[in-house]
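Chain and residue survey
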Amino acid sequence: MTQWYTKTTAQAVSDLDTNPTRGLTSAQAHQRLAQYGPNQLEKPRPTPLAVRFLLQLKDPMILVLLAAAVLSLLSTGGEDWVEAVIILLIVVVNAVISITQENSAHKALEALQQMSAPLAKVVRDGQLLRLDTRQLVPGDIIQLEAGDLVPADARILHSAQLQADESAITGESVPVSKEAGSPLPHDTELGDQSNMVISSTVITGGRATCVVTATGMETQVGHIAGMLLGQDDPTTPLQRKMGEISSTLSFACLGVCAVMFGIGLLYHIPLLDMFLTAVALAVAAIPEGLPAIVTIVLALGVQRMVRHHAIVKKLPAVETLGCAGVICSDKTGTLTMNRMTVVQVWTAQEKHRLEALIVGALCNDATLNHDENGVPHLLGDPTETALVDAALEEGLDKEMLEEEMPRVAEIPFDSQRKLMTTVHPLRERYRVMVKGAPDVLLSRCTHILSGAPVPLDVATLRQVESANAAMAQNALRVLGCAYKDVDVLPPHGKLEEFLEHDLTFVGLMGLIDPPRVEVKQAVAQCFQAGIRPVMITGDHKLTAVAIAKELGIFREGDLALTGADLDFMPQDMLEQEVDRFTVYARVSPQHKMRIVQALQKKGYVVAMTGDGVNDAPALKAADIGCAMGITGTDVAKGAADMILTDDNFATIVHAVEQGRGIYANIKKSIHYLLSCNIGEILTLFLATLFHFHQAPLVPVQLLWLNLVTDSLPALALGLEPVEADVMDQPPRDAHEPLFTPSFAIRLIWQGTLVGALTLLAYFLGEYVLGDPTRADATANTMAFATLTFCQLFHAFDVRSSRQSIFSLGLFSNPAMNQAFVVGCALQLAVLLFPPLMAVFSVTVLSPLQWLVVVILSITPVVFSEVEKAFFR
């Protein structure tokens, strides 16, 4: 890529083979349009809906379910189709839910395309034309003025007081001055390329003639779009764990099926019967409702997060927040208010503070208007609006000041003089008010206001310079202000020569884009929760470090790095040293990507917050991208996983807390479902091993258990309140397996207990309590009822692995109580309502049989409470 900022204007014009006054000819433009293509961003190729649907079916758990459905149809000759239809319905619904979460995959690119200006002022064949920006080519001569959106990257040829707002691209919080100027060094950062204008930035003042140097995907915005196109969404920790569960359950299911086939061959069981048993086992082993339940629990978490000002676009991102170890944040508009503010005023005597603010308000092009409710509204350059706002806070209304002292003459600011001057009538004389760079202004002052104008001697000058240096060291943007009174105004052509000399210095004003008030506490909470906040900004290093220190991000021993430093640092070295840096300044979008990737390589789960176009690639590359909802660009919102509707960095801390709670709840739901399924598998496996003359449970009963009575409590577990100490613990390791030893042990013993109680109920119904004429039906019904009610009671055990349900509070999770009541009502309907009894192959139970079912069903609660008490 040619570094056009290193060339003179003559070299740029020559290399692009164009004419600076007449522009390209129509023939040249046509030929270059064919060569370079239209000035627009490349569109991603959409994945066909059918392909997206099929991709949802590659999960091992889904494949086993589909195999079970096919086996069910084949083994019954298509007569018993209920199980197959239910299984297929589960698969389709789960795929549809997953596809709907992918709708915003390429919105970032669409937003980038919408940022392009529709028309541009172009010189072609010596005539000024308004052309569709898509027709622009390298070598075109374009004209820009205030309010224009820059249509392509361009080298400035001529300019007058040109200023551009590049905050969305570079992170610079104030408009930057631009001019044709001399060539710049090769290592000049994007934000310091003052002789270039960047596509999709906004001209805020002045005018310019430029030569287009890059269009379409070759522009700076095009490179960002290319990075977005080249990225795949990273898999989340939860998606990886769900993959582990799918694989584990699938292999376990196939393994147990193989063992059961071997047992069947030993017992000479007919092959068709073994097929039916295999279908029943597959249905028992696979928790059909698990994918939907995890999705619904995440969706419920999303609803809660909306109330905390966070909109989550991709459901798995909710859980990812729970293991975030680093939050990389842009500075401008994220950690700061994105509004320049006067934070310090220095004068020789405190009583002259108002005089300094009056000069700042009147020597100023910002406008102050009041709406019908009297609320003030400021328009103009951010630095100038900050000066007007500071005066307003002291009771100095710019509108009223201008009524008393209207402007009668002015010398506009320009980057050569670094001064702005206005003239106002005052008591039959004229007051000249000047503001600008302190060093330049002081060189034009002979006096200083200290009670009255007194000569500016060397000692006083050093005092002013010391105050200026102290402000600059604190990363403040410093402006000086001065005045002088004259009797008459000189001719217009001699204003600068006459007005900007022999001034009386009034004071210094220090401005900064201040940190958000609530962010400091949020940063402290991050450290408390074991999360390391990192600032990544396009702003200057001194400003970035000062803000980071004030917020508590930059601590003793920490280091700051610039984009220029990164350019000389190999990626492997960055990956080794990345823990040492907490501030990255003057960085480009490519640098942000490298930083995020280095942190990920180090093993961190990375959250990235930001609002500008320059943040979009890193937002998408991060494990979770968080865009600002108010000040954020559409591009940033499109690339992010989550949008903070209040633009508040502190909101991400609440989101992390919710993410940790949601993961804990999902784990409880998985624990509950798998322990229940272990009970079902054990029941069928042992029945086959010991050659029961009938299966204790039939496939339709197992589907009912897994889809209805299991699902309601599992959903209720997803609504458990977030534990109080969740933010006092470090983030969990994203690579930690779900099946830890302690988790697996609890699953196994609880599942074994449920299975043993079910077999005991079957045995009692078959040989002890059952009517000999219908003992098989009684045994099946008692096993079905016991297993169902065991699982409903067992849900209360899973609410906490440590606390008793009585200390938690029986009514602290109303959803659990409702799920229990509804689950019991549904199961009783199946067991007592004749039409349903026929569908589920159950029979009427006697009062004694019901009593045994109830006693067996509450047994898991007793065992679990004893176990918790023992470990406590």
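Before any of the text, the structure's been laid out above.
Residues numbered from 1 in each chain as written. Predicted model: local features only at pLDDT ≥ 70, side-chain atom pairs only at ≥ 80, totals over all residues. Heavy atoms only, no water.

Before going further, it helps to examine the overall build of the protein. Of regular secondary structure, the protein possesses 35 helices and 25 strands. Buried positions account for 54% of the 872 residues belonging to the protein. Sequence separation of at least 24 residues holds for 73% of the intrachain contacts in the protein that already meet a minimum separation of 6. Accessible surface computed for the protein: about 36700 Å², of which carbon and sulfur atoms make up 60%. (Helix = DSSP H or I, 4+ residues; strand = E, 2+ residues; numbered from the N terminus. Buried < 20%, exposed > 50% of the residue type's maximum accessible area, 1.4 Å probe, protein only. Contact = heavy atoms within 4.5 Å. Areas by Shrake-Rupley, 256 points an atom, 1.4 Å probe, with all protein chains shown as cover.)

The next subject is the pairing of strand E12 (residues 376-379). In this structure, strand E11 (residues 367-370) lies alongside E12, joined through four bridges in antiparallel fashion. Of the residues in E12, the one forming a bridge with asparagine 369 is histidine 377. Hairpin geometry of E11 and E12 is characterised by an intervening segment of five residues between the two adjacent antiparallel strands and by a positive phi of about 80° at glycine 374. (Pairing = 2+ DSSP bridges.)

Next up on the list: the packing of helix H31 (residues 775-798) against helix H33 (residues 814-832). In contact at an axis separation of 10 Å, H31 and H33 are set at 175° when each is read in the N-to-C sense. Between H31 and H33, the crossing angle belongs to the class labelled roughly antiparallel. The segment H31 lies against H33, with Thr781, Phe784, Ala785, Thr788, Phe789, Leu792, Phe793, Ala795 and Phe796 engaging Met816, Asn817, Phe820, Gly823, Cys824, Gln827, Leu828, Val830 and Leu831. (Axes fitted to C-alpha atoms, helices over the stretch in contact; angles between N-to-C directions. Parallel < 35°, antiparallel > 145°, perpendicular 65-115°, else oblique.)

It is worth spelling out unusual backbone geometry at this point. Trans peptide bonds make up most of the peptide bonds, and negative phi angles are found at most residues other than glycine. In the Ramachandran plot, serine 200 falls in the positive-phi region, its phi being about 75° despite a non-glycine side chain. Here serine 200 shows up in the loop between strand E6 (196-197) and strand E7 (202-214). Phi angles above zero are rare outside glycine, and aspartate 502 is one such case at about 55°. The residue aspartate 502 is located in the loop between helix H19 (495-499) and strand E19 (503-512) in this model.

A separate point is the pairing of strand E3 (residues 141-145). Bridge analysis of strand E1 (residues 119-124) against E3 gives three bridges, and the strand direction is antiparallel. Residue pairing across strands places valine 123 opposite isoleucine 141, the latter belonging to E3. Bridge count for E3 against E7 is five bridges, and the pairing is antiparallel. Note that in E7 the partner of isoleucine 142 across the bridge is cysteine 210.

The subject of this paragraph is the nonpolar core. Ranked by internal contacts, the top residues of the largest apolar core, which has 129 residues, are Met305, Phe505, Met642, Phe649, Ile652 and Phe784. Among the elements that take part in this core, helix H27 (residues 649-689) stands out by supplying 15 residues, more than any other. When sequence neighbours within four positions are dropped, the list of residues in contact with methionine 642 reads Met305, Ala310, Ile311, Val312, Leu321, Gly625, Cys626, Ala627, Ile652 and Ala655. Within the second largest apolar cluster, 39 residues are counted, among which are Met217, Val221, Val326 and Ala639. (Core = buried A, V, L, I, M, F, W, Y, C linked by side-chain atoms within 4.5 Å.)

Another aspect to go through is helix H15 (residues 382-393). Taking 1.5 Å of rise per residue, twelve residues should cover 16 Å, and H15 covers 16 Å from first to last C-alpha, within 8% of that figure. Within H15, burial applies to Thr383, Glu384, Thr385, Ala386, Leu387, Val388, Ala390 and Ala391. (Expected span 1.5 Å × (residues − 1).)

Moving on, we get to empty space enclosed by the protein. Once rolled over the atoms, a probe with the size of a water molecule shows which space is left empty. Summed over the entire model, instances satisfying the criterion amount to three cavities of 30 Å³ or more. Forming the walls of the second largest cavity are Ile169, Thr170, Glu189, Leu190, Gly191, Gly538, Arg586, Val587, Ser588 and Pro589. Along the lines of polarity and charge, the residues of the lining of the second largest cavity split into four nonpolar, four polar and two charged. (1 Å grid on protein atoms, 1.4 Å probe; cavity = no way out; pocket = protein on both sides within 12 Å on 5 of 7 lines; lining within 4 Å. Points joined across faces, edges and corners; volume = space filled by probe spheres on them. Nonpolar A, V, L, I, M, F, W, Y, C, P; charged D, E, K, R; others polar.)

Applying the stated rule across the entire model yields seven aromatic pairs. Seen from their ring centres, phenylalanine 793 and phenylalanine 820 are 5.0 Å apart, and the 65° between their planes marks the pair as edge-to-face. Within this pair, whereas phenylalanine 793 is found in helix H31, its partner phenylalanine 820 is found in helix H33, the two being separated by 27 residues in sequence. For phenylalanine 820, a relative accessible area of 18% translates into the label buried. Here a set of aromatic residues connected by ring pairs shows up, and it is made of Trp704, Phe784 and Phe840. Just above the ring of phenylalanine 498 sits the side chain of lysine 484; from NZ or CZ to the centre is 4.9 Å. Over the ring of tyrosine 663 we find arginine 732; its NZ or CZ atom is 3.3 Å from the centre of that ring. (Phe/Tyr/Trp six-rings, centres within 6.5 Å; stacked < 30°, edge-to-face > 60°. Lys NZ or Arg CZ within 6 Å of the ring centre and 35° of its normal.)

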